[in-house]
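Architecture at a glance
Chain residues, written in single-letter form:
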Amino acid sequence: MTESLNIAVIGAGTSGLLTARENHRVTVFEKSNRLGGTWLYEPQVEADDVLHLDPNRSIVHSSLYSSLRTNLPRPLISFSDYSFEDKYYGDPRMFPGHEEVLKFLQDFANEFGVTEVIRFTSEVVRVDSLDGDFVVEWKTMEVGSVAEVFDAVVVCSGHHTEPRIADDVPGNFTDRPARVTF
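The protein chain has the name Flavin-containing monooxygenase in an unreviewed UniProt entry, where Lactuca virosa is given as its organism. What the UniProt record of the protein chain gives under Sequence similarities (unreviewed entry) is the line "Belongs to the FMO family." The annotation that UniProt attaches to the protein chain under Cofactor (unreviewed entry) is "FAD".

Side note on the overall build of the protein chain
Scanning the protein chain for helices and strands turns up three helices and seven strands. Along the protein chain, helices and strands appear, N-terminal first, in the series β-α-β-α-α-β-β-β-β-β. Expressed as a percentage of its 182 residues, the buried residues of the protein chain come to 34%. Summarising the internal contacts of the protein chain: among those between residues at least 6 apart in sequence, 52% fall at separations of at least 24. Per element, the accessible surface of the protein chain, about 11800 Å² overall, is 52% carbon and sulfur.

Concerning helix α3 (residues 98–111)
The end-to-end C-alpha distance of α3, which contains 14 residues, comes to 20 Å, matching closely the 20 Å that a straight helix rising 1.5 Å per residue would cover. Three or more residues of α3 are buried, namely H98, E100, V101, L102, F104, L105, D107, F108 and A109. The secondary structure elements touched by the buried residues of α3 are α1 (14–20) and α2 (74–77). At the exit of α3 stands G113, carrying a positive phi of roughly 75°.

Topic: the packing of aromatic side chains
For the coordinates displayed, the defined rule picks out ten aromatic pairs. Geometrically, the ring pair formed by F29 and W138 is tilted, given 5.6 Å between the ring centres and 45° between the ring planes. Taken together, the residues span a long stretch of sequence, with F29 in strand β2 (residues 25–29) and W138 in strand β5 (residues 133–140) at a distance of 109 residues. Of the two residues examined, F29 and W138, each falls in the buried class. With 6.0 Å between their ring centres and 85° between their planes, F29 and F150 make a pair best called edge-to-face. Of this pair, F29 sits in strand β2 while F150 sits in strand β6 (residues 144–150), and the two are 121 residues apart along the sequence. The rings of F79, Y82, F84, Y89, F104, F108 and F112 are connected pair by pair, giving a single aromatic cluster.

Looking at the side chain of S78
Topologically, S78 is positioned in the loop between α2 and α3. Among the polar contacts made by the side chain of S78, one reaches the main-chain amide nitrogen of F84 at a distance of 2.7 Å. The residues contacting S78, other than those within four sequence positions of it, are S83, F84, E85 and F104.

The rules behind the values
- Residues numbered from 1 in each chain as written.
- Predicted model: local features only at pLDDT ≥ 70, side-chain atom pairs only at ≥ 80, totals over all residues.
- Heavy atoms only, no water.
- UniProt positions renumbered as here; feature names shortened; annotations may be inferred.
- Helix = DSSP H or I, 4+ residues; strand = E, 2+ residues; numbered from the N terminus.
- Buried < 20%, exposed > 50% of the residue type's maximum accessible area, 1.4 Å probe, protein only.
- Contact = heavy atoms within 4.5 Å.
- Areas by Shrake-Rupley, 256 points an atom, 1.4 Å probe, with all protein chains shown as cover.
- Expected span 1.5 Å × (residues − 1).
- Phe/Tyr/Trp six-rings, centres within 6.5 Å; stacked < 30°, edge-to-face > 60°.
- Polar contact = N/O pair within 3.5 Å; in protein donor to acceptor, adjacent residues only side chain to side chain.

Take a look at the structure:
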């Protein structure tokens, strides 16, 4: 039998939830107060800094809009052993909305006990290697900064929070004021 590893998972979105279900001792660090990652809708928007250049701006974690529907049909959203089609969330259309996907992820996490290993409002601020292990430093408003040692770290934080801007391109539009309106 394989030895159970102590694993840190960063992010409680789809990838983090699936990773956390593995047969190891898992701790999931989620900086939000809810699971779901990119499927968490937040009606707030960040004003006057569409390129995220101000390091002191308030960060709104959301990359979707209120009427968003997936571009994948229900059968393709399913996990190999957890079917989206077996769930009914009240909308019969083939392409579910973000609310249904979030509910599916919440149901999955609850059914497989993943919710119990998530540390909500816990932001990972540093990961270092140390003699074959990994030191994960995380913080919360209540606890402050804490460092723990893990056998492995899986980063599932996504890439939809901040845009990637090439800063080494001559004439890059980031060097002049920009405003995007829709």
